[in-house]
Amino acid sequence: MSGSSKAASEARDERLIAQIGAIGDQLYQAVDGSFDFDVHTDSDEIAIQELARLNNVTLDAARRTIGELEQARRELEARVEERSQRLNLILSASNDGIWEWEIDSGQVTLSPRWASMLGQHAAETRQSLESWLALIHAADRPAVERALYQHLDGLSDAVDIEYRVRNARGAWRMMLCRGLCQRDGHGRALRMAGTLRDTTEQRLGDPLTGLPNGAYLDLLLQEKLASVPRSPLSLVKFQLLNVAQLFDGAAVEHAIAALRTLLQKLRQRLPARVALMALPEHTFAMVLELDAVAELDRLLEPVEALFAEPVAIGGRLVWMSHVSGVAIVNPQEATSAEEWRHQSRLALASARQSDVGTRCYYSESLRQWERQQGHAEQLIRAALANAGVRCFLQPIVDIVSGTARGFEALMRLEDPDEGLVNPGTFIEVAERTGLISPLWEMLMDQALPVLNDPGMLARFGDDFLISVNLSSRQLMDSRLLDLMLAACERHAVPQSRLQVEVTESAVLSDPVRASRILERMRAAGIQVAMDDFGSGYSSLAQLTSLPLDTVKIDRSLVLDVDTLPRKQHVLAAVVALCQRLEHGVVVEGVEDWETVTMLREWGVREIQGFFYARPMPMAQLIKQFELPLPLAAAGASANDAAG
């Protein structure tokens, strides 16, 4: 190659290199992420022009790809934003907050929603795991930690646990914590995240009243007892006994609104920091930092006085009835929340045994009463299981004719260890527990056959009565008459030889209904007697309004009547009144001859008492009981009777 050709070739190569370098310089813009340009060249070289066109095609394809990616990014961001909004809406509607635990740093991020649930500043909160766990109730924290670390270690599929946490106002809230762990390709935990839901209303709230419930009361009691030093403390419970009256004839929503209004008024009469809590069976509780009875009385009297004010509902006025019980905790004595609540239950149960409006304070005597009640219930259940009900008979003597007008069937229980148990030990418990009916049915199956027993017929004739007692629970049982008629038919005895005895207290619970039931009994041939007349509160109106055959005058009017002239006047007046109303009269509790002669002078014929016979089994009665000589004339002397 000649020198000139070589020089020309080198010059051309240099131009090509320079032109390629110029194209390269233009392409450096793409290195910075800019593709919005075209490659230009003024070269006449076909290869250089082709290289420029190839780069422009590549740039154009890159621009299209970038545009498509940008569009996809915008669409993805829009979808993410939409889903985030929907998630936030769902979380807000469901009362949920969000938490995230970064495993390596140990930091927990909590959403503004979580902060607002706890009454804190509603900014995103970032804190250590320990700070988060420190807010949890001490009794719940171990279970929460266990749930977190079990899932972190792969021992559970998810975190799902409920716990109590204190909010900024010092109150306890219930939280449901759920979460999942994110792991890398090697299974290493990176973070754990999930939701927190406030379940306080479901777990610690009473849906009917909107007040805190028994679970909240347990938290409060535990907290009060754990405080050091411990303040004087009293747990007060009161029970509304006739809430059903609010719902009688009124729309349910109106009755609930009336109850809530009443409770709100009650809340306003309490000290501002005292919470009112709703318990089952329309019972309400409060914890007071007092232990002096006088101070408690002063605080509770205006609160309970609210129930003397009628509740307006549906155009009518309803007065509420209540009882209350108080359990005072000695600051120097160790006790538990369970024991404290139990003491308050005993105090409230004792108040229910008394009059409406009674307030009862817990004492150790109530514990003894509870033991006795429990023992009595076990005696009853054992007697029912082992046929341990025994029928004792006490004669009702006609002193004029010297005959047995009838026999009262009295219940006794036979205990293997204690022997025969008198009814005073178990009757009240039997009525309260609903066990009186099966006991009574067992008694009836022993009492009715007495009417057909050959020994009884030979000794006392074939027209005496069997008299059985009815409790208030039995009297209001719609099946009672059918049960009695079926028992008479089963034992082949006429209803006319059966007499039922009811007390005034049993009748007064619902006089109209009781009168209807007793009238049906008399229509079926069963005789009706008013038992224990004159004991406690007596209503003379019952003597005229109830369908009665006989009035049995209680021994409380007879005791010491021969030495107390004023009592004589009362007893004589009651006897005369019953006679004028043409009721049969039986005087109970007669124990001496002087009382017998006095009653005879007043025209009384029928007497029941220890003077003639104590209650005894039928076999013993047939063998030992001797009928008295007739007192044919009023005013007969002791010598005449002895003769």
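On a predicted model such as this, the values are computed, not experimentally measured, just so you know. (Residues numbered from 1 in each chain as written. Predicted model: local features only at pLDDT ≥ 70, side-chain atom pairs only at ≥ 80, totals over all residues. Heavy atoms only, no water.)

**Some thoughts on the overall build of the protein chain**
The helix and strand inventory of the protein chain stands at 24 helices and 22 strands. Taken over the C-alpha trace, the protein chain has a radius of gyration of 45 Å; the compact-globule value for 643 residues is 26 Å, which it surpasses by more than 25%. Taken along the three principal axes of its C-alpha coordinates, the protein chain extends 185 × 55 × 55 Å. In the protein chain, buried positions account for 42% of the 643 residues. Restricting to contacts in the protein chain with at least 6 residues of sequence separation, those with at least 24 account for 64%. Of the roughly 33300 Å² that the protein chain leaves accessible, carbon and sulfur atoms contribute 52%. Put simply, the protein chain has 64 plus and 88 minus side-chain charges, and the middle of one group is 1 Å from the middle of the other. (Helix = DSSP H or I, 4+ residues; strand = E, 2+ residues; numbered from the N terminus. Rg over C-alpha atoms; globule rule 2.2 N^0.38 Å. Buried < 20%, exposed > 50% of the residue type's maximum accessible area, 1.4 Å probe, protein only. Contact = heavy atoms within 4.5 Å. Areas by Shrake-Rupley, 256 points an atom, 1.4 Å probe, with all protein chains shown as cover. Lys, Arg positive; Asp, Glu negative; His and termini not counted. Charge placed at Lys NZ, Arg CZ, Asp CG, Glu CD.)

**Here we look at helix α9 (residues 252-268)**
The end-to-end C-alpha separation of α9 is 24 Å, in line with the 24 Å expected for 17 residues at 1.5 Å each. Taken as a whole, α9 has its buried residues at Ala255, Ala258, Leu259, Leu262, Leu263 and Leu266. All buried residues of α9 lie within an arc of 130 degrees about the axis, which places them on one face of the element. Turned more than 90 degrees away from the buried face of α9, the exposed residues are Glu253 and Gln268. (Expected span 1.5 Å × (residues − 1). Arc of directions from axis to C-beta.)

**Re the confidence of the model for the protein chain**
Caution applies to low-pLDDT parts of the model: their predicted coordinates are not meant to be read in detail. Residues at a pLDDT of 70 or more form 93% of the protein chain, whose mean pLDDT is 85. Predicted confidence for residues 633-643 stays below pLDDT 50, and this span has 13 contacts to residues more than four positions away or in other chains. (pLDDT = per-residue confidence, 0-100.)

**Observations concerning the nonpolar core**
Met484 and Met521 are the most contacted members of the largest nonpolar core, which has 82 residues in total. Considering every element that reaches this core, the biggest residue donor is helix α14 (residues 436-447), with six residues. (Core = buried A, V, L, I, M, F, W, Y, C linked by side-chain atoms within 4.5 Å.)

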